[in-house]
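Remarks on the overall topology
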Amino acid sequence: PLPDSVVVIEGNRIASIGRRGRIKVPVGTEVIQATGKFILPGFSDIHVHWDAWMPELFLAHGVTSAVDLDSFFPWILEQRDALLDGRIRGPRLFTTVRSLSGRLLWDGKGRNTNLRPEVESAEMARRLTRNIPPGREQFQLTKTYTELTPDQLQAIVEESHQAGRKVMAHLGSLDARQATLLGIDGIAHGSGIALATISDPDKADELRTFARLGISVDYPMFLMYHSYMDMSRADDLVRFLVER
């Protein structure tokens, strides 16, 4: 905390911060009195699933940067550009590629794989990642999702880094230690951290089985039913839980 302070802003940048009387304020500068108030940096929300009504609401609560973690709709990119050039008031929006996913219980056949392609091999993971425009102009991050094998995740990481993008991972079968050693740059939901702390290999294998069945092991356990879930498999899952 810096009491009795002055913040000098030039354009859209903070030029200097310091105690009043020690900071040079250019002649003719517009002065905004903030006596009795606190000035905070803008907050960054790094896990958002973006919707059209969000921009001004985020800004009103001090969020000046947001990361959309599944930017597969073209209108999201259009709104990102409108925020950037001032046509819309809101936070700066960072976008990710369509989640590159393996096959958890709820990722089975019948889903719209054009929105979330199902990775079947390391070669396919590498090809899908290479097909994304390089650099950070269109997408700033690559998002990975749940049931990827180590070689698939490594391929995505290598290709993303080569293209100039970092990787945010929503983990499932892989734990946080494994994914970190494979080169990811961030973890969504804190996923995989609890699993990485289990030293008993039998217990770890059992928890990985839970993850493959679509049950979280990183926060209070719950069963998620979806309209596209095979309900006969869901019954098998319930029996699996009851037996334990």
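Above this text you will find the structure in question.
The text that follows walks through the structure, step by step, so that each part is easy to find. (Residues numbered from 1 in each chain as written. Predicted model: local features only at pLDDT ≥ 70, side-chain atom pairs only at ≥ 80, totals over all residues. Heavy atoms only, no water.)

1. Description of the sheet that holds strand β6 (residues 100-101)
An order of β6-β7-β8-β9 is seen for the 4 strands of this open sheet, with the pairing classed as parallel. Where the open sheet ends on each side, the last strands, each with one partner, are β6 and β9 (186-187). Where β6 lies against strand β7 (residues 141-146), 2 bridges are found, and the strand directions are parallel. Paired with Ser101 across the two strands is Tyr145, which belongs to β7. Those strands touched by helix α4 (residues 150-163) are β6, β7 and β8 (166-171), and its axis lies near 155° from that of β8. (Pairing = 2+ DSSP bridges. Helix = DSSP H or I, 4+ residues; strand = E, 2+ residues; numbered from the N terminus. Contact = heavy atoms within 4.5 Å. Axes fitted to C-alpha atoms, helices over the stretch in contact; angles between N-to-C directions.)

2. Structural notes on the pattern of salt bridges
Inspection of every chain in the model, using the stated rule, returns 6 salt bridges. Salt-bridge contacts for Asp85 lead to Arg87; the nearest nitrogen and oxygen are separated by 3.0 Å. A residue is classified by how much of its surface remains accessible, and Asp85, at 48% relative accessible area, is partly exposed. Under the relative-accessibility criterion, Arg87 is labelled exposed at 58%. (Salt bridge = Lys/Arg side-chain N within 4 Å of Asp/Glu carboxyl O. Buried < 20%, exposed > 50% of the residue type's maximum accessible area, 1.4 Å probe, protein only.)

3. Things to note about the packing of helix α3 (residues 122-130) against α4
Where α3 contacts α4, the two axes come as close as 8 Å, and the packing angle between them is 25°. Judged by the inter-axis angle, α3 sits roughly parallel to α4. In the packing of α3 onto α4, the handedness of the crossing is right-handed. The residues of α4 that touch α3, namely those facing Ala122, Ala125, Arg126, Thr129 and Arg130, are Asp151, Gln152, Ala155, Ile156, Glu158, Glu159 and Ser160. In terms of residue class, the contact of α3 with α4 is made up of 4 nonpolar, 3 polar and 5 charged. (Parallel < 35°, antiparallel > 145°, perpendicular 65-115°, else oblique. Left-handed = near helix turned anticlockwise from the far one by under 90°. Nonpolar A, V, L, I, M, F, W, Y, C, P; charged D, E, K, R; others polar.)

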